[in-house]
Structures are given as C-alpha cells and as structure tokens.
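Topology and contacts: notes
Spelled out, the chains give:
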Amino acid sequence: MARLTAEQRAFLEEKRFAVVGTINVDGSPHLAVMWYLIDGDNIVVNSAQGRIKDRNLAADLRMSVLVEDGYRWIRVDGRARIEHDQSIAHADIRRLAARYYEDEDRVEDSVKNNFSKQHRITYRLPIRRVASEGF
C-alpha cells in the first residue's frame, strides 16, 4: 500500500482539477475533468447519477485519478467505493463546491438550484497505488 508523502499531499490539497478515468463497457477509457478533495486516505469525487462514469463504475469499480501541474503529477489507481446515501453525497458535493467556489453565496446558490435537485453519488478512491513525477 502506497502512502502520499507530505509534499504530495500538500500538492493534492491545493485547488486543482483532477482527470478521472473509468472503463467504458467496450473496454475503452472514459476521462472526465472533475472537482476532487482529499479526505483522510481517500480521494473523493462526486457526480450526478446517470453520467457515463456512474454507469462505468457500477459495472467496474476500477478508477484512476490524475492531478497535474506542468511536469509534476500524481496518479492514484484502485477500486472506488460508491456512496449513494443522499445525505452523505449531498454533504460531499457541498464540500467540493466550497473548495472550488470559495464564495459562500455561490455555494448556496449551486446547492439550492442545481445539486439539491439531483441524485448525487460520491466515489471514494483509497490512496493505495500512487505513481508520480516531480516529487
């Protein structure tokens, strides 16, 4: 089991976007740029039900998350854990919105007018297999 170094963790805790990879039913990759956060020893992403990554992960839990900044990058590979509990998934999307929007009014507006109307799903990827460059 790989652990993040303090430098890698600090890099991931900075506000960046992640590229999340899942496997389509035909075996081809599906990549999506997403918000993410570090929660203990997990990378957390959240999506609305019905999106391609939702269907892919329901069939195959393998997922990769790549975060880059020029020539420095970190990739975490593994099997996601899926959380459908709406109280948890909605709390997670609120945390993600707060991380990326930083403006509480914008967070509240997004939660009220967008996220609260969706069935949200949280994916937790344990940080166990890590590849990186520049650290």
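Preceding block: the structure.
My aim in this report is to walk through the structure given alongside it, one point at a time. Values in this document were obtained by computation on a predicted structure and should not be read as measured data.

Some thoughts on the nonpolar core
Counting 32 residues, the largest nonpolar core has Leu12, Tyr36, Ile43, Met63 and Val65 as its most contacted members. Here this core gets four residues from one element, more than from any other, and that element is helix 3 (residues 86-101). Apart from the residues within four sequence positions on either side, leucine 12 is in contact with Leu4, Tyr36, Ile38, Val67, Ile74 and Arg99.

What about the pattern of salt bridges?
Evaluated as defined, the whole model comprises twelve salt bridges. One salt bridge connects aspartate 39 with arginine 124, and the closest N-O pair in it is separated by 3.5 Å. One end of the pair, aspartate 39, is in strand 3 (residues 37-39); the other, arginine 124, is in strand 8 (residues 120-126), and 85 residues separate them in sequence. In this structure, arginine 62 engages aspartate 60 in a salt bridge whose closest nitrogen and oxygen atoms are separated by 2.7 Å.

A short note on the side chain of lysine 53
Mapping lysine 53 onto the fold places it in helix 2 (residues 52-59). Nearest to the buried, unbridged lysine 53 among oppositely charged side chains is aspartate 54, at 8.9 Å. Dropping the residues within four chain positions of it, lysine 53 is found in contact with Thr22, His30, Ala32, Met34, Ser47 and Tyr123.

Focus on the packing of helix 3 against helix 4 (residues 104-113)
With their axes 9 Å apart at the nearest point, helix 3 and helix 4 run at an angle of 145° to one another. Where helix 3 crosses over helix 4, the handedness of that crossing is right-handed. Contacts between helix 3 and helix 4 pair Arg94, Ala97, Ala98 and Tyr101 from the former with Glu104, Arg106, Val107, Glu108, Ser110 and Val111 from the latter. Looking at the contact of helix 3 with helix 4 residue by residue, the classes come out as five nonpolar, one polar and four charged.

A closer look at helix 2
Here helix 2 has its buried residues at Lys53, Asp54, Asn56 and Leu57. One face of helix 2 carries all of its buried residues, which in axial projection span an arc of 165°. Among the exposed residues of helix 2, those oriented more than 90 degrees off its buried face are Ala58 and Ala59. Taken together, the buried residues of helix 2 touch strand 1 (18-23), strand 2 (29-34), strand 4 (42-48), strand 5 (62-69), strand 7 (81-83) and strand 8.

What counts and how
- Residues numbered from 1 in each chain as written.
- Predicted model: local features only at pLDDT ≥ 70, side-chain atom pairs only at ≥ 80, totals over all residues.
- Heavy atoms only, no water.
- Core = buried A, V, L, I, M, F, W, Y, C linked by side-chain atoms within 4.5 Å.
- Buried < 20%, exposed > 50% of the residue type's maximum accessible area, 1.4 Å probe, protein only.
- Helix = DSSP H or I, 4+ residues; strand = E, 2+ residues; numbered from the N terminus.
- Contact = heavy atoms within 4.5 Å.
- Salt bridge = Lys/Arg side-chain N within 4 Å of Asp/Glu carboxyl O.
- Lys, Arg positive; Asp, Glu negative; His and termini not counted.
- Axes fitted to C-alpha atoms, helices over the stretch in contact; angles between N-to-C directions.
- Left-handed = near helix turned anticlockwise from the far one by under 90°.
- Nonpolar A, V, L, I, M, F, W, Y, C, P; charged D, E, K, R; others polar.
- Arc of directions from axis to C-beta.

Everything listed is a geometric property; what it means functionally is a separate question.
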